[in-house]
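Fold and contact review
Chain by chain, the residues run as shown.
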Amino acid sequence: MRPADLLASSWRAIRSHKMRSALTMLGIVVGIASVVLTVGLGLGTQKDVSEQIAALGSDLLIVSPGSSTDESGMRGGFGSGTTLTRADADALASTVAVPDALAVAAEKTASVSLEYGESNWTTTVTGTSTSWPEVRSRELLYGTFFTDEDVASGASVIVLGAETAEELFGTAAVVGQDVTIDDDTYEVVGVLSEAGSSGDTSLDDMAVVPMTTLVEQLDDSGSSESVATIYIKAAASNLLSAASQEAESLLLNLHGIASADGADFTIDVQDSLLDAATSVYQKLTVLLTGIAALALLVGGIGVMNIMLVSVTERTREIGLRKALGAAPANIRNQFLIEAMILGLSGGAIGVAIGVGLALALPTVLGSTIVISGLALVVSVVVAVGIGAVFGVYPAARAAKLAPIDALRDQ
Amino acid sequence: MTATAITPFETVAPVIELSGARKTYHTGDIEFEALRGIDCRIYPGEYVAIVGPSGSGKSTLMNILGCLDVLTSGSYVLAGEDVSHMDEVALASARNRRIGFVFQQFHLLSSLTALGNVELPLIYAGVAPAERRKRAMVALERVGLGDKSRNHPGQLSGGQQQRVAIARALVTEPAIVLADEPTGNLDSHSTRDVLGMLDDLHAEGSTIVLITHESDVAARAGTVYNVTDGQFVGMGTEIAK
Ligand SMILES: Nc1ncnc2c1ncn2[C@@H]1O[C@H](COP(=O)(O)OP(=O)(O)OP(=O)(O)O)[C@@H](O)[C@H]1O
Ligand SMILES: [Mg+2]
């Protein structure tokens, strides 16, 4: 039998049973449409999340003192050393040495007790420079950040996190008030907007003062030049690794270290957010894929079910075809190809519906749906595959029918 | 002791040669011997009728002759080819090349036109479309339905449908045309029509085996075999014309 005739024969059988063919396809249509939608939703969510992360500063490098690994491969002295200095931060801020850095801010922290009237609140105070809001992507809710003059003079000014301000002042106006730390008075010049939390540290319960102020008045670590962390914001996220290399070679040079293996500092990318978001996204993907797979399984069982009915209904036709010389393989192939054509048509219609919904839904739900050409092609291929897999059993049943029994069937 | 017909064709090789043909059906534990040792030769150009009471084994014999079923024992040589032990694929090919079936229930596919139905055996023979259509058209014209080639079975009378079935049986130029009660579902006018058609085919040289209840139908054949309890009774009777 010629392949073209096989195809034509299958196609005619589908066309002459339009209602049944449509019902068979329905399961596949629904399954594929939901696959297209869920994959689109998954990709859309991924896109949304990575955009949000980019906004949160995935262009941020974190320089910490100490090497992340010692010779035995263990983390040694990480974050606790005194090898990073304010001079390092000033050098990194130079546009000549690290051209791909947009801004640099060193941080040094101390735990302090803030007092305002009867209120008393313990929090972490960070000493830094005026570039800090830009580097850490923070904004001010009220007032202003401190100025370069404040840093130069070591002024007694303080910027409070939103939560800290609320704990101390309640709902009263904050900017211009004075708070007391160890009997010294600090003027509140600004309050930070809320930023949520990173890991288990709150970004809203904190206070910020000029680095000089912290070192001269609040820090009791004893090493006035050392800093805890230097943050470097790259000019763009794709320049992150360039900025990292520039910073590394500058610091190695400044510290008089010949090889990167001996570095007394560590440069990390701020990836904790990315990690968290990726794990959420992966869970979402597994869930959506599971739902889509279930929908396709149901569609496939529908195909098998109706193909079996079709074989029973067409027993006499099968008997006749065999009497006229159809080999078992001819009959099997005809039913298999019917199932695959149904899969193909169902898949194509499902893709069309899925794309239609994907275009319509974002305006309703406000969620992003990304349509990937590859996903569409894969969907159709999967639909054909489902037709084939779930068509195998009915086709084998048809091929096995004995011609005399089949012809005698009423 | 053979029941071989004495025919004027003995110098030529037979189209059908059955020897010691036995067919046993098993239904649960019960065995039933539907054919009990049939020997028979049918020669090219013969018109043979097989008659016998209901349940005597006529259809069983027809299924064996048509390669739709295989013997339990004995041998069957069809057009020089021993088909007794063929597998399903080889039997399908033998049916396609050697046998033209005409059934009591016509067995036309309603989704195909008359022409499409006649083309079917050629499709399984792998004949190219243009050639197929030409040969199917010739066969339809031979049964007088050249003008109905585009009609679907539902748009044809019973007699016309059976003529389409005859065209389908002829189109492969088979070694033998097997007709099981071909007039069983037809009125007297259509019966005459279809039998006349078979007479014409015989006159043109086709080998025909006809299974029937009716003696006036059998009377048209050159030789009549009488089956009773799965055996031929007496010799083939030659009918004088
Ligand atoms: N598939 C089968 N399984 C078991 N027994 C069968 C089978 N087919 C036929 N028989 C038995 O074989 C015998 C012969 O049946 P067959 O159909 O050949 O009769 P027939 O001569 O064609 O009868 P009719 O004139 O009524 O068509 C019957 O007794 C029948 O019951
Ligand atoms: Mg019968």
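Residues numbered from 1 in each chain as written. Chains lettered and ligands numbered in written order. Predicted model: local features only at pLDDT ≥ 70, side-chain atom pairs only at ≥ 80, totals over all residues. Heavy atoms only, no water.

Regarding the packing of helix H1 (residues 3-15) of chain A against helix H11 (residues 328-365) of chain A
How two helices sit against one another is set out by the angle between their axes and by the gap between those axes. Residue and element names in this part refer to chain A. Look at H1 against H11: their axes get within 9 Å of each other, and the N-to-C directions meet at 60 degrees. By the angle between their axes, H1 is oblique relative to H11. The element H1 and its partner H11 pack so that their crossing is right-handed. Within the contact between the two elements, H1 uses Leu6, Leu7, Ser9, Ser10, Trp11, Ala13 and Ile14 and H11 uses Asn330, Asn333, Gln334, Ile337, Glu338, Ile341 and Leu342. Residue classes in the contact of H1 with H11 are distributed as eight nonpolar, five polar and one charged. (Axes fitted to C-alpha atoms, helices over the stretch in contact; angles between N-to-C directions. Helix = DSSP H or I, 4+ residues; strand = E, 2+ residues; numbered from the N terminus. Parallel < 35°, antiparallel > 145°, perpendicular 65-115°, else oblique. Left-handed = near helix turned anticlockwise from the far one by under 90°. Contact = heavy atoms within 4.5 Å. Nonpolar A, V, L, I, M, F, W, Y, C, P; charged D, E, K, R; others polar.)

Some details on the pairing of strand E7 (residues 176-180) of chain B
Residue and element names in this part refer to chain B. With five of five residues buried, E7 is to be regarded as a mostly interior element. Relative to E7, strand E6 (residues 99-102) runs parallel, the two sharing four bridges. Its bridge partner being in E7, glycine 100 is matched across the sheet by valine 177. As paired elements, E7 and strand E8 (residues 208-211) share four bridges and run parallel to each other. Its bridge partner lying in E8, aspartate 180 is registered against isoleucine 211. As a crossover connection, the stretch from E7 through helix H6 (residues 188-203) into E8 is right-handed. (Buried < 20%, exposed > 50% of the residue type's maximum accessible area, 1.4 Å probe, protein only. Pairing = 2+ DSSP bridges. Right-handed = clockwise from strand over helix to strand, strands pointing away.)

Some details on the side chain of A:Thr212
Residues and elements named next belong to chain A. Mapped onto the elements of the fold, threonine 212 is located in helix H7 (residues 211-218). With a relative accessible area of 11%, threonine 212 lands in the buried category. Ignoring any residue separated from it by four or fewer positions in sequence, one finds threonine 212 in contact with Arg86, Asp150, Val151 and Gly154.

Let's talk about a negative patch on the surface
Taken together, the side chains of A:Glu115, A:Asp182, A:Asp183 and A:Asp184 present a region of like negative charge at the surface. For A:Asp183, the position within the fold is in the loop between strand E6 (178-181) and strand E7 (184-192). (Patch = residues over 30% accessible without salt bridge, like charges linked within 9 Å, V, L, I, M, F, W, Y side chains within 5 Å. Areas by Shrake-Rupley, 256 points an atom, 1.4 Å probe, with all protein chains shown as cover. Salt bridge = Lys/Arg side-chain N within 4 Å of Asp/Glu carboxyl O. Lys, Arg positive; Asp, Glu negative; His and termini not counted. Charge placed at Lys NZ, Arg CZ, Asp CG, Glu CD.)

Quick look at the layout of surface pockets
Approximately 590 Å³ is the volume found for the second largest pocket. As for the second largest pocket, its lining consists of 25 residues, and the residues nearest its centre are A:Arg408, B:Ser59, B:Thr60, B:Asn63 and B:Asp180. Secondary-structure elements contributing two or more residues to the lining of the second largest pocket are helix H13 (403-408) of chain A together with strand E2 (30-42) and helix H1 (58-65) of chain B. The element best represented in the lining of the second largest pocket is H1(B), accounting for five residues. Of the residues that constitute the lining of the second largest pocket, the class distribution is nine nonpolar, 12 polar and four charged. (1 Å grid on protein atoms, 1.4 Å probe; cavity = no way out; pocket = protein on both sides within 12 Å on 5 of 7 lines; lining within 4 Å. Points joined across faces, edges and corners; volume = space filled by probe spheres on them.)

Considering helix H5 (residues 158-170) of chain B
The first and last C-alpha atoms of H5(B) sit 18 Å apart over 13 residues, in line with the 18 Å expected at 1.5 Å per residue. Buried residues dominate H5(B), accounting for 11 of its 13 residues. Those residues of H5(B) that fall on the buried side of the exposure criterion are B:Gly159, B:Gln161, B:Gln162, B:Arg163, B:Val164, B:Ala165, B:Ile166, B:Ala167, B:Arg168, B:Ala169 and B:Leu170. On its buried side, H5(B) packs onto helix H10 (315-323) of chain A together with E6, helix H3 (114-124), helix H4 (129-142), E7 and H6 of chain B. (Expected span 1.5 Å × (residues − 1).)

What about the packing of aromatic side chains?
All names here are of chain A. Using the criterion set out here, one finds five aromatic pairs over all chains in the structure. Summarising the aromatic geometry, the rings of tyrosine 116 and phenylalanine 169 are spaced 4.2 Å apart at their centres and angled 40 degrees between planes, so their arrangement reads as tilted. Taken together, the residues tyrosine 116 in strand E2 (residues 101-116) and phenylalanine 169 in helix H6 (residues 162-169) connect sequence positions 53 residues apart. With a relative accessible area of 7%, phenylalanine 169 lands in the buried category. Measuring from centroid to centroid gives 5.9 Å for tryptophan 132 and phenylalanine 145, while their planes differ by 5 degrees, and the two rings are stacked. Taken together, the residues tryptophan 132 in helix H4 (residues 132-135) and phenylalanine 145 in the loop between strand E4 (140-143) and helix H5 (148-153) connect sequence positions 13 residues apart. With respect to class, tryptophan 132 is no different from phenylalanine 145; both count as buried. Pairwise contacts between aromatic rings join Trp132, Phe145 and Phe146 into one cluster. (Phe/Tyr/Trp six-rings, centres within 6.5 Å; stacked < 30°, edge-to-face > 60°.)

In short, geometric facts, not functional conclusions.
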